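# Understanding the architecture of this molecule
In case you want the letters, here they are:
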Amino acid sequence: MTILVSGATGFIGSVITRHLLDAGHAVRAMSRSIAQALPKSLDNEIGRRALAEGRLTFVQADVTRPDGLPGAVRGVEAVIQAVQFTGAPIEDPRRGLTYAAVDRDGTLNLLNALASVYGAPTAEPSSTRFPAGSPRFIYVSGITVSAEATEPWNRAKWQAEEAIRGSGLDWTLVRCCWAYGPRDTALNRILGYSDYLPFVPIFGRGDDLLTPVFIEDVGHLFTLIVGDAGRSGDKTFRLGGPDEVTLAAFIKLALETRGRRRPVLHIPKALGKLQGALMQYLPGRPLTPDAVDFLTQAGAVTEADRDHLTKHFPGFETTPLRVGLATYMPGTR
Ligand SMILES: NC(=O)c1ccc[n+]([C@@H]2O[C@H](COP(=O)([O-])OP(=O)(O)OC[C@H]3O[C@@H](n4cnc5c(N)ncnc54)[C@H](OP(=O)(O)O)[C@@H]3O)[C@@H](O)[C@H]2O)c1
């Protein structure tokens, strides 16, 4: 099967791409810069072999620029949308780097491109009929996304989900918890403070519950979805890891696994938001109040979510936190 992965150079998209290639699929990897795409993320044994075999190809396109997208989606059997704007979760509206512009409108642009290439026109201008055999659309959504949630990232992703559900394509949504792995920016940035500080600062009490998921499990699930011959069509899955932990406990465990002992310093959330309110006007917008909200949100799956997944993918298991962290933390080697 040939799959377009939009966001193929990113943390999540590159691992999905590697798993798909390893399973024998062909991947068309989308990036805004083909020149950087391979060295950035896919320069591994599986990527190099697939490149030599012609199963890994690249397409240069930007989801915010609709003109380049029909060529990117033509001739594929599935589209996986895993794009994230540069600098997330810190939005920069003046540079078009927002959840609305990239997560939502970028997804809408991809759907429109699919409609222009595959869709049969209908009398209803707002709806498109897709003939059998049109590509499936699989979207990396977030665990906190719901109809009720009002934060900019949840609104934008909910609206993207709504557009996908109403698109007329065969769709699958994966609402993913915090994913951790060697190339993640969130956990690694927090742990990085331990390189030069005697403590690790976090905003808030850090007592909200999370079920972080190991990045390899994300790649594995997407490969199962692609290979399931449509059984996961028109379904939403919520993906998390097996361990329910607070943010503070997650960081403590990761520090221990890295071979570090550092206390976690709690910066009151209100103080963080005040800092964000001031720092959003500095060059590069190092922090915003919304980013503090994003970083302190809870996000956990339930037993019902796990059952829903294993009902569709019997035998699919997620990696215990200690095991996942130990695969790449230097302290354990
Ligand atoms: N990381 C997590 O823990 C997590 C958890 C739940 C959900 N998610 C969701 O998963 C998705 C991917 O997140 P990530 O952490 O993998 O992000 P990431 O590492 O920052 O990757 C971003 C990707 O998006 C691409 N991109 C950015 N702007 C683009 C544009 N305008 N047009 C085309 N491509 C563009 C980048 O490609 P180039 O720079 O090569 O163009 C890169 O491949 C996001 O939707 C995120 O909300 C992530």
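Structural data are supplied above this passage.
Given the structure is predicted, the values throughout are model-derived calculations rather than measurements.

Analysis parameters
Residue positions within a chain follow its written sequence, with the count starting from 1. Only residues with pLDDT of at least 70 are given local features in this predicted model, and only at 80 or more are side-chain atom pairs given and counted; all residues enter the totals for whole chains, interfaces and linings. Each side-chain value is worked out from all heavy atoms of the structure, with water and hydrogens disregarded. The numbering of helices and of strands both runs from the N terminus, where a helix is a DSSP run of H or I of at least 4 residues and a strand a run of E of at least 2. The globule rule used here is 2.2 Å times the number of residues to the 0.38 power, and the radius of gyration it is set against is calculated over C-alpha atoms. Only protein chains enter the accessibility calculation, which uses a 1.4 Å probe. A residue is then buried if its area is under 20% of the maximum for its type, exposed if over 50%, and partly exposed in between. Residue contacts are defined here by distance: any two heavy atoms, one from each residue, within 4.5 Å place the two residues in contact. It suffices for a single heavy atom of a residue to lie within 4 Å of a molecule or strand for the residue to be listed as near it. Whenever two N or O atoms come within 3.5 Å, that pair is a polar contact, provided that in protein one can donate a hydrogen and the other can accept it, and provided that, for residues adjacent in sequence, both atoms are side-chain atoms. Within 6.5 Å between ring centres, the rings of Phe, Tyr and Trp (the latter by its six-membered ring) count as paired, and their orientation is classed by plane angle as stacked under 30 degrees, edge-to-face over 60, tilted in between. Any Lys NZ or Arg CZ that is within 6 Å of a ring centre and within 35 degrees of that ring's normal is treated as a charge sitting over the ring. Expected helix span is given by 1.5 Å per residue-to-residue step, counting one fewer step than there are residues. Should DSSP find at least two bridges between two strands, the strands are taken to pair. Helix axes use the C-alpha atoms of the stretch in contact, all axes being lines fitted to C-alpha atoms, and the angles between their N-to-C directions lie in the range 0 to 180 degrees. Within this scheme, the nonpolar core is defined by two criteria: the residues are buried Ala, Val, Leu, Ile, Met, Phe, Trp, Tyr or Cys, and they are joined through side-chain atoms within 4.5 Å. When an angle is under 35 degrees it counts as roughly parallel; over 145 it counts as roughly antiparallel; between 65 and 115 it counts as roughly perpendicular; any other value is oblique. When the near helix sits turned anticlockwise from the far one by under a right angle, the crossing is termed left-handed; a clockwise turn instead gives a right-handed crossing. Any carboxyl oxygen of Asp or Glu within 4 Å of a side-chain nitrogen of Lys or Arg constitutes a salt bridge here.

## Things to note about the overall build of the protein chain
In terms of regular secondary structure, the protein chain is built from 13 helices and 15 strands. A compact globule built from 333 residues should have a C-alpha radius of gyration of about 20 Å, and the protein chain, at 20 Å, falls within 12% of that. With the principal axes as the frame, the protein chain shows a C-alpha extent of 60 × 40 × 40 Å. Burial status across the protein chain gives 50% buried among its 333 residues. Taking all contacts inside the protein chain whose residues are at least 6 apart in sequence as the whole, residues at least 24 apart take part in 77%.

## Digging into the site of the ligand
Around the ligand, the structure places 24 residues, and the nearest of them are Thr 9, Ser 31, Arg 32, Asp 62 and Lys 157. Contact distances for the ligand include 2.6 Å between an oxygen atom and a side-chain N or O atom of Thr 9. Asp 62 places a polar side-chain atom, nitrogen or oxygen, 2.8 Å from a nitrogen atom of the ligand.

## What about the packing of aromatic side chains?
One pass over the structure, following the stated rule, counts nine aromatic pairs. Judged by centre distance (5.1 Å) and plane angle (85°), the rings of Trp 178 and Phe 250 are edge-to-face. A residue pair is termed long-range when its members are at least 10 positions apart, and Trp 178 in the loop between β8 (171-176) and β9 (179-180) and Phe 250 in helix α9 (residues 247-257) qualify at 72 residues. Taking the relative accessible area as the measure of exposure, Phe 250 reaches 0% and is therefore buried. The cationic tip of Arg 165 hangs over the ring face of Trp 158; the distance from NZ or CZ to the ring centre is 4.5 Å.

## A word on the side chain of Thr 107
The topology assignment puts Thr 107 in helix α5 (residues 99-118). Residue Thr 107 is classed as buried on the basis of its relative accessible area, which comes to 0%. In this view, Thr 107 contacts Gln 81, Val 102, Phe 137, Tyr 139, Ala 160 and Ile 164; residues no more than four positions away in its chain are not counted.

## A few points about helix α8 (residues 215-226)
Here α8 contains 12 residues, and its C-alpha end-to-end distance of 17 Å stays within 8% of the 16 Å for a straight helix at 1.5 Å per residue. The buried fraction of α8 amounts to nine of the 12 residues, a majority that puts the element mostly inside the structure. Taken as a whole, α8 has its buried residues at Ile 215, Asp 217, Val 218, Gly 219, Leu 221, Phe 222, Thr 223, Ile 225 and Val 226.

## Some thoughts on the sheet that holds strand β4 (residues 78-81)
The seven strands lie next to each other as β3-β2-β1-β4-β7-β8-β13, forming an open sheet whose pairing is parallel. Edge positions in the open sheet fall to β3 (56-60) and β13 (235-239), since each of these has one partner strand only. Averaged over all pairs of adjacent strands, the angle between their axes in this sheet comes to 20°, without regard to strand direction. Examined bridge by bridge, strand β2 (residues 26-31) and β3 share five bridges and lie parallel to one another. Its bridge partner lying in β3, Met 30 is registered against Val 59.

## Topic: the nonpolar core
Membership of the largest hydrophobic core comes to 57 residues, with the highest contact counts inside it found for Ile 80, Leu 187, Val 218, Leu 239, Ile 251 and Leu 325. With residues up to four places along the chain from it excluded, the contact list for Leu 325 reads Tyr 180, Leu 187, Leu 253, Ala 254 and Thr 257. Of all hydrophobic cores here, the second largest spans 31 residues; its members include Met 30, Leu 97, Val 102 and Leu 114.

## Quick notes on the packing of helix α1 (residues 11-22) against helix α3 (residues 45-53)
Here α1 crosses α3 at 60°, and the two axes come no closer than 9 Å. In this view, α1 runs oblique relative to α3, as classed from their interaxial angle. For the pair α1 and α3, the sense of crossing is left-handed. Counting all contacts with α1, which are made through Arg 18, Leu 21 and Asp 22, the residues of α3 involved are Ile 46, Gly 47, Arg 49 and Ala 50.

## Comments concerning the pattern of salt bridges
Under the criterion given, the structure shown has 18 salt bridges. Here Arg 55 and Glu 53 are joined by a salt bridge, their closest N and O atoms 2.8 Å apart. Look at Arg 55 and you get buried, because its relative accessible area is 17%. Between Asp 103 and Lys 157 there is a salt bridge, with the nearest N and O atoms lying 2.7 Å from each other. Separated by 54 residues along the polypeptide, Asp 103 in helix α5 and Lys 157 in helix α6 (residues 152-165) bring together distant segments of the chain. Neither residue differs from the other here; Asp 103 and Lys 157 are each classed as buried.

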